[in-house]
Amino acid sequence: MARIIVVTSGKGGVGKTTTSAAIAMGLAKRGHKTAVIDFDVGLRNLDLILGCERRVVYDFINVINGEASLNQALIRDKNCNLLYILPASQTRDKDALTQEGVGKVLDELSKDFEYIVCDSPAGIEKGANLALYFADDAFVVTNPEISSVRDSDRMLGILSSKSRRAEKNEEPIKEYLLLTRYDADRVKLGEMLSLEDVQEILSLELLGIIPESKSVLSASNAGMPVILDEKSEAGQAYADVVARYLGEKLPHRFIDGKQGFLKRLFGGRK
């Protein structure tokens, strides 16, 4: 059976799709057959970041509705033959996603893949709830700003109460923190929450810190997951995330500065 990963957050624009593409590519590059699914019906972007937008013929909703087979809709990545993309529909309504339909697609994928990465839309609407419902692991993506962290905290409550695992009284979803767009210099100036601040609020196992980097935008515009840019700090950081997820013990890089916004505001808390 495949391990199902949901990449989620409470707020838009934090880097979920960038993260989903990078994590899926990283797993595939390490020899694990991986599928990545875009759950953002109507606003798909995953195919753009993976550079396969011109190859989309059928999508996730076509498969759910029985208008195409899963094999017809899956797109093999041009950079790695162990990575497959299931794009979202640009023209359907989010109500086209159903729990039964999503479950059937995930069950079918689980027969042939080791990992399934679900790129969730932001917030708590239907697509986001269905993306997390079947998850085994959750990568909670947040920026070091108070509104982003607060919204991620709300998502943790949903993860713990509205998942299939919660309904069946099974082992809870394993939750990991991924801190994106981190700028150590701005942390030092007190303009941004520090890692310590974020962990104090969310209390999650830290999987990785992705530094603010122009290479993320450059890679996205080129239709390439940033993890393939091995010279960039962001690419290296995502490679570290994948390695840690797979059990490797690596020190966290790209952290510099402990005194963050909350400590300046409240004088520190024990």
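Residues numbered from 1 in each chain as written. Predicted model: local features only at pLDDT ≥ 70, side-chain atom pairs only at ≥ 80, totals over all residues. Heavy atoms only, no water.

1. Observations regarding the environment of isoleucine 124
Then, in step 1: Residue placement: isoleucine 124 occurs in the loop between strand S5 (115-119) and helix H6 (126-133).
Then, in step 2: The spatial distance from the C-alpha of isoleucine 124 to the C-alpha of aspartate 229 is 32 Å, given a sequence separation of 105 residues. (Helix = DSSP H or I, 4+ residues; strand = E, 2+ residues; numbered from the N terminus.)

2. Comments concerning the confidence of the model for the protein
Then, in step 1: Scored by pLDDT, the protein has a mean of 90; 94% of the residues are at 70 or more.
Then, in step 2: For the protein, helix H13 (residues 261-266) is the element with the lowest average pLDDT, namely 50, and strand S4 (residues 83-86) is the one with the highest, namely 98.
Then, in step 3: Within the model, the stretch residues 257-261 combines pLDDT values under 50 with 16 contacts to residues more than four positions away or in other chains. (pLDDT = per-residue confidence, 0-100. Contact = heavy atoms within 4.5 Å.)

3. Notes on the pattern of salt bridges
Opposite charge on two side chains permits pairing when their charged atoms draw close.
Then, in step 1: Applying the stated criterion across every chain, the model contains 12 salt bridges.
Then, in step 2: Between aspartate 47 and arginine 44 there is a salt bridge whose closest N-O contact spans 3.3 Å. Pair check on accessibility: aspartate 47 and arginine 44 agree, each one buried.
Then, in step 3: One salt bridge connects aspartate 240 with arginine 244, and the closest N-O pair in it is separated by 4.0 Å. Within this pair, aspartate 240 and its partner arginine 244 are both found in helix H12 (residues 233-245), separated by four residues, close to a single helical turn.
Then, in step 4: Ionic contacts of the salt-bridge type, sharing partners, join the residues Asp240, Arg244 and Arg253 into one network. (Salt bridge = Lys/Arg side-chain N within 4 Å of Asp/Glu carboxyl O. Buried < 20%, exposed > 50% of the residue type's maximum accessible area, 1.4 Å probe, protein only.)

4. Some details on the side chain of serine 89
Then, in step 1: Structurally, serine 89 can be placed in the loop between S4 and helix H5 (99-110).
Then, in step 2: Taking the relative accessible area as the measure of exposure, serine 89 reaches 0% and is therefore buried.
Then, in step 3: Dropping the residues within four chain positions of it, serine 89 is found in contact with Asp40, Val41, Gly42, Leu43, Arg44, Asp59 and Ile61.

5. So, the pairing of strand S7 (residues 174-182)
Then, in step 1: The pairing of strand S6 (residues 137-142) with S7 spans six bridges and is parallel. Paired with valine 140 across the bridge in S7 is leucine 177.
Then, in step 2: Bridging between S7 and strand S8 (residues 205-211) involves five bridges; their strand directions are parallel. Paired with leucine 179 across the bridge in S8 is isoleucine 209. (Pairing = 2+ DSSP bridges.)

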